[in-house]
Amino acid sequence: KIPSLMEELKSKASSNDESSEEIQVKNSLCEKVSLYKGDITQLEVDAIVNAANTSLLGGGGVDGCIHRASGPALLAECRELGGCKTGQAKITCGYDLPAKYVIHTVGPIARGHLSPNHKQDLASCYNSSLTLATENTIRTIAFPCISTGIYGYPNEPAANVALTTVKEFLKKNRDKIDRVIFCVFLEVDFKIYKRKLHEFFPKD
Ligand code: AR6
């Protein structure tokens, strides 16, 4: 279980009566991001993000894992959504998942060849998912490494896009999101994010 950010904030605030300290902790972006290695379907958060395809009717990779763990009601709701364009996002319930919602987004198909459009589309996946989250009062959200599996977006450039886009979004929406979890599955991504997280979100 991911520790509750509010619990952390409360204990930090109560250990120091200065209200300025509390404000500083709440405003610190590095307090709002975490790295987790493992299966995203196990996370008890408001929403997990699915790296889906334009049909939204399931597939392999993390998409397959999410549909298996959520159950057939997820596919039934997805059938009503009329698909999703690359770079956009749609929301469903989480059903049998510990997460309340699933935000389905469709990453670009890179397959080794990267163009500026791929980068824009990948950034748009993170932005659209976060925007949809705030519109639905979702305060904790976990992302897989969108497009880096079957869709072949190289791992390190993908992490750069993910971290840049999440950072920019959090800067503008500090009060709306409590935590973004980068849920990596592979050791290669764990190493990349572990190194980069401190660069992008330095401790004050
Ligand atoms: N939890 C977290 N991450 C996972 C899990 C999991 N249970 N399983 C895999 N990953 P991919 P894409 C990681 O291929 O590249 C599907 O068929 C995986 O190691 O799932 O965006 C869709 O229907 C990788 O780091 O998504 C689309 O057709 C990351 O999730 C297509 O694949 C993304 O890999 C989308 O391809």
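Residues numbered from 1 in each chain as written. Predicted model: local features only at pLDDT ≥ 70, side-chain atom pairs only at ≥ 80, totals over all residues. Heavy atoms only, no water.

Taking an unreviewed UniProt entry as the reference, the protein is identified by name as ADP-ribose glycohydrolase MACROD2 belonging to Xenopus tropicalis.

**Focus on the packing of helix H5 (residues 116–135) against helix H6 (residues 155–172)**
Direction vectors running N to C along H5 and H6 enclose 35°, while the axes themselves pass 9 Å from each other. Of the two elements, H5 crosses H6, and the hand of that crossing is right-handed. Seen from H5, the contacting residues are Lys119, Leu122, Ala123, Tyr126, Asn127, Leu130, Thr131 and Thr134; seen from H6, they are Ala158, Val161, Ala162, Thr165, Val166 and Phe169. Of the residues contributing to the contact of H5 with H6, the split by class is 9 nonpolar, 4 polar and 1 charged. (Axes fitted to C-alpha atoms, helices over the stretch in contact; angles between N-to-C directions. Helix = DSSP H or I, 4+ residues; strand = E, 2+ residues; numbered from the N terminus. Left-handed = near helix turned anticlockwise from the far one by under 90°. Contact = heavy atoms within 4.5 Å. Nonpolar A, V, L, I, M, F, W, Y, C, P; charged D, E, K, R; others polar.)

**A word on the nonpolar core**
Ranked by size, the top nonpolar core spans 38 residues in total, and within it Ile103, Ile141, Val180, Phe182, Tyr193 and Phe201 carry the most contacts. Here this core gets 8 residues from one element, more than from any other, and that element is H6. Setting aside anything within four residues of it in sequence, one finds Phe182 in contact with Val33, Ser34, Leu35, Tyr36, Phe143, Ala162, Leu163, Val166, Tyr193 and Leu197. Core analysis: the next-biggest nonpolar cluster, separate from the first, contains 17 residues, Leu74, Cys78, Leu97 and Ile181 among them. (Core = buried A, V, L, I, M, F, W, Y, C linked by side-chain atoms within 4.5 Å. Buried < 20%, exposed > 50% of the residue type's maximum accessible area, 1.4 Å probe, protein only.)

**With respect to the packing of helix H3 (residues 61–70) against helix H4 (residues 72–79)**
Here H3 crosses H4 at 115°, and the two axes come no closer than 6 Å. Only Leu74, Leu75 and Cys78 of H4 make contact with H3, whose side of the interface consists of Ile66, His67 and Ser70. For the contact of H3 with H4, the per-class residue count stands at 4 nonpolar, 2 polar and no charged.

**Observations concerning the site of the ligand**
Taken together, 22 residues are adjacent to the ligand, and Asn53, Gly60, Val62, Asp63 and Ile150 come closest. Within the backbone of Gly60, one N or O atom sits 2.8 Å away from an oxygen atom of the ligand. Here an oxygen atom of the ligand sits 2.8 Å away from a polar atom, N or O, in the main chain of Ile150. Considered on its own, the ligand offers 700 Å² of accessible surface; in the complex 92% of this is hidden by protein. A majority-of-atoms criterion places the ligand in the largest pocket. For the shell around the ligand, the secondary-structure elements that each account for two or more residues are strand S2 (47–52) and H3. With 4 residues, H3 is the largest single contributor of residues to the shell around the ligand. Per-class residue counts for the shell around the ligand are 10 nonpolar, 9 polar and 3 charged. (Near = heavy atom within 4 Å. Polar contact = N/O pair within 3.5 Å; in protein donor to acceptor, adjacent residues only side chain to side chain. Areas by Shrake-Rupley, 256 points an atom, 1.4 Å probe, with all protein chains shown as cover. 1 Å grid on protein atoms, 1.4 Å probe; cavity = no way out; pocket = protein on both sides within 12 Å on 5 of 7 lines; lining within 4 Å. Sits in = over half its atoms within 2 Å of the grid points.)

**Some points on the pattern of salt bridges**
All chains considered together, the criterion is met by 6 salt bridges. Glu168 is paired through a salt bridge with Lys171; the nearest N and O atoms lie 3.3 Å apart. Residue Glu168 and its partner Lys171 are both found in helix H6; the two are separated by 3 residues, about one turn of the helix. Judged by relative accessible area, which is 34%, Glu168 ranks as partly exposed. Within this structure, Glu156, Arg195 and Lys196 form a network of salt bridges that share partners. (Salt bridge = Lys/Arg side-chain N within 4 Å of Asp/Glu carboxyl O.)

**Quick notes on the layout of surface pockets**
Roughly 550 Å³ of volume is contained in the largest pocket. Contributing to the lining of the largest pocket are 25 residues, with Ala51, Gly61, Val62, Gly149 and Ile150 lying nearest its centre. Contributions of two or more residues to the lining of the largest pocket are made by S2 and H3. In the lining of the largest pocket, the residues fall into 13 nonpolar, 9 polar and 3 charged. (Points joined across faces, edges and corners; volume = space filled by probe spheres on them.)

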